[in-house]
Amino acid sequence: TFVENCLKQADKSGFKSMAFPALGTGNLRFPADEVGKLIFQCIQNFGKKRPKTSLKDIALVVFPSDITNIKAFTALFVGPTVPSTSKIRSATLSSNIFMDHGMCRCTFPNSVVLEMIVGDITKETTDVIVNSVRSDLNLNQGNVSKAILTAGGISIKQGYVGNDLKKDGFVVTNAGNLPCKMVIHMAAQNKRKEWEDMIVRVLHQADQLKCESISFPALGTGGKGLSPKKIAQAIYSSCTEFANSHPVCLKKIRVVLFKKTMLTEFYQAIKDYSPGQQESRFSRFLVGGTLFRERSRQNNLVFNITIDSEMNFKAVVRDLEGFVKNELTEKEINSPGEIISKLLDVQVAQIEEMGQGKAMVSVSRKKGVIKVCGTLREVLDTYDNILNYLHNIERASETFIKLNDTL
């Protein structure tokens, strides 16, 4: 397309930024929402195909007097209820991916979280677990099916609740003796795109059943021989689409892997695939003098947003609050309390500086508590550093007391 050719030429020339007008919305009278979707999609595709492009800053500019186009592009960019633009919205509030203490975690818009761990899916306490089956629904075939049947008991075979495997692609059964509430048996697929479509359908089904959490196995990596990389990216893509559809109940999605090495493979596959882990290609959107901007600096996201209406402002705030809720965590240190309450001013200053501008550290000597707030990775690192610092102070204090006793 014309937009793609422009992007390729700019990249070939080594340009770092470029701007597009509202192409075709003037004399040609093309619908602004369709033009916007086309441009956004082209930029997203370009970013995926050329992750090392020199282009870092792309702007879409609309004349301030063009009220019709301003409304159309604003709704496209921040509108909360436009299903057809859900994939475009993910470019604005992209997920963040990190791995800590044996868990890979991805956060998405609308408070949806994807967690990947190594474990036993039959012991998952999520509302529902997922199993992939062949067309004959034979639970005696496949390692996961056999494990679910063994742990859950024969009643799982007899407890089908609606749905038809051939028609719907999945069936729902009771959980038998399993700790979850129900099991969704989905038809095994052959191609990655087929897996993506089926996963999305299962996620929507779980949401409709008012489930708040769901666990998947490493789909297709057993009998189907699908590579961990492909299924990891298929699951990530499905979660992105599902999260942007504004689910009501289902917010926690887990993938339970059977090998430790697979966790690293999943993490790396998603990190390489996710456009959110690269600098945003579509970083600026100018409409009627309004600037929407996203800046990515290492692991920090900074949003400077000016909104032209209260409705759009509330929509963006709602998405950002969901993003922050999933992204931030807090840990407290209240032991050894006596040491915290007796810290010197210089020691308090040193502890508060341990966040290095990434995690926020607050010390209350009166309460004997230190709070660390930030992303999970930064909080855990800072938390450990502070504990080591306090233990060193404790050891030094004990040594001093022993010396005094000796003297």
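Being a predicted model, the structure only gives us computed values, none of them experimental.

About the cut-offs
- Each residue is numbered by its place in its chain's sequence as written, counting from 1.
- Under the rules for a predicted model, residues below a pLDDT of 70 receive no local features and side-chain atom pairs below 80 are neither given nor counted, while totals for whole chains, interfaces and linings still include all residues.
- Side-chain calculation: all heavy atoms of the structure are included, whereas hydrogens and water are not.
- Salt bridges are defined as contacts in which a side-chain nitrogen from Lys or Arg sits within 4 Å of a carboxyl oxygen from Asp or Glu.
- Numbering of helices and strands runs from the N terminus, with a helix taken as a DSSP run of H or I at least four residues long and a strand as a DSSP run of E at least two residues long.
- Relative accessible area decides the class of each residue, using a 1.4 Å probe on protein chains only: under 20% of the type maximum gives buried, over 50% gives exposed, and in between gives partly exposed.
- Paired strands are those between which DSSP finds at least two bridges.
- We call a set of buried residues a nonpolar core when its members are Ala, Val, Leu, Ile, Met, Phe, Trp, Tyr or Cys and they connect through side-chain atoms within 4.5 Å of each other.
- Here, residues are in contact when the closest pair of their heavy atoms is within 4.5 Å.
- pLDDT is a residue-level measure of predictor confidence that goes from 0 to 100.

Enquirer: Is there a simple way to explain the pattern of salt bridges in this structure?
Expert: Side chains that differ in charge, positive against negative, can pair when their charged atoms come close. All chains considered together, the criterion is met by seven salt bridges. A salt bridge links glutamate 196 to arginine 192; its shortest N-O distance comes to 2.9 Å. Of this pair, glutamate 196 and arginine 192 both sit in helix α8 (residues 192–208), four residues apart, which is roughly one turn of that helix. Of the residues examined, arginine 192 reaches a relative accessible area of 25% and is grouped as partly exposed. Ionic pairing is found between aspartate 197 and lysine 193, a salt bridge with its closest N-O pair at 2.8 Å. One end of the pair, aspartate 197, and the other, lysine 193, are both in helix α8, four residues apart, so they sit about a helical turn from each other. One salt-bridge network, in which partners are shared between bridges, spans Arg105, Glu115, Glu124 and Arg254.

Enquirer: Help me understand the pairing of strand β15 (residues 360–364), please; the structure alone is not making it clear to me.
Expert: For a regular strand, the rule is simple: side chains alternate between the two faces of the sheet. Only one face of β15 is covered, namely the one carrying Val361 and Val363; the face carrying Met360, Ser362 and Ser364 has none of its residues buried. Sheet topology places β15 next to strand β16 (residues 369–375); five bridges connect them, and they run antiparallel. From the neighbouring strand, methionine 360 faces β16, where its bridge partner is cysteine 373. Where β15 folds back onto β16 in an antiparallel hairpin, the turn is made up of four residues, including glycine 368, whose phi is positive at roughly 70°.

Enquirer: Is there a simple way to think about the nonpolar core in this case?
Expert: Soluble globular proteins tend to bury their nonpolar side chains together. Core analysis: the largest hydrophobic core is formed by 45 residues, its most contacted members being Leu114, Met116, Met186, Ile214, Phe216, Ile253 and Phe266. For this core, the element with the most residues is helix α9 (residues 228–243), which contributes eight residues. Look past the residues within four positions of methionine 116 in its chain and what remains in contact with it is Gly102, Met103, Cys104, Cys106, Val255, Leu263, Phe266 and Ile270. Counting residues in each nonpolar core, the second largest holds 19 residues, with Ile340, Ile351, Ala359 and Leu387 among its members.

Enquirer: Can you help me understand the confidence of the model for the protein in this one?
Expert: Close inspection of predicted coordinates is inappropriate for parts of the model with low pLDDT. With 74% of its residues at a pLDDT of at least 70, the protein reaches an overall mean of 76. Here helix α4 (residues 86–89) is the element of the protein with the lowest mean pLDDT, 31, and strand β9 (residues 213–217) is the one with the highest, 96. This stretch, residues 276–301, has a pLDDT under 50; its non-local contacts, to residues over four places away or in other chains, come to 93 contacts.

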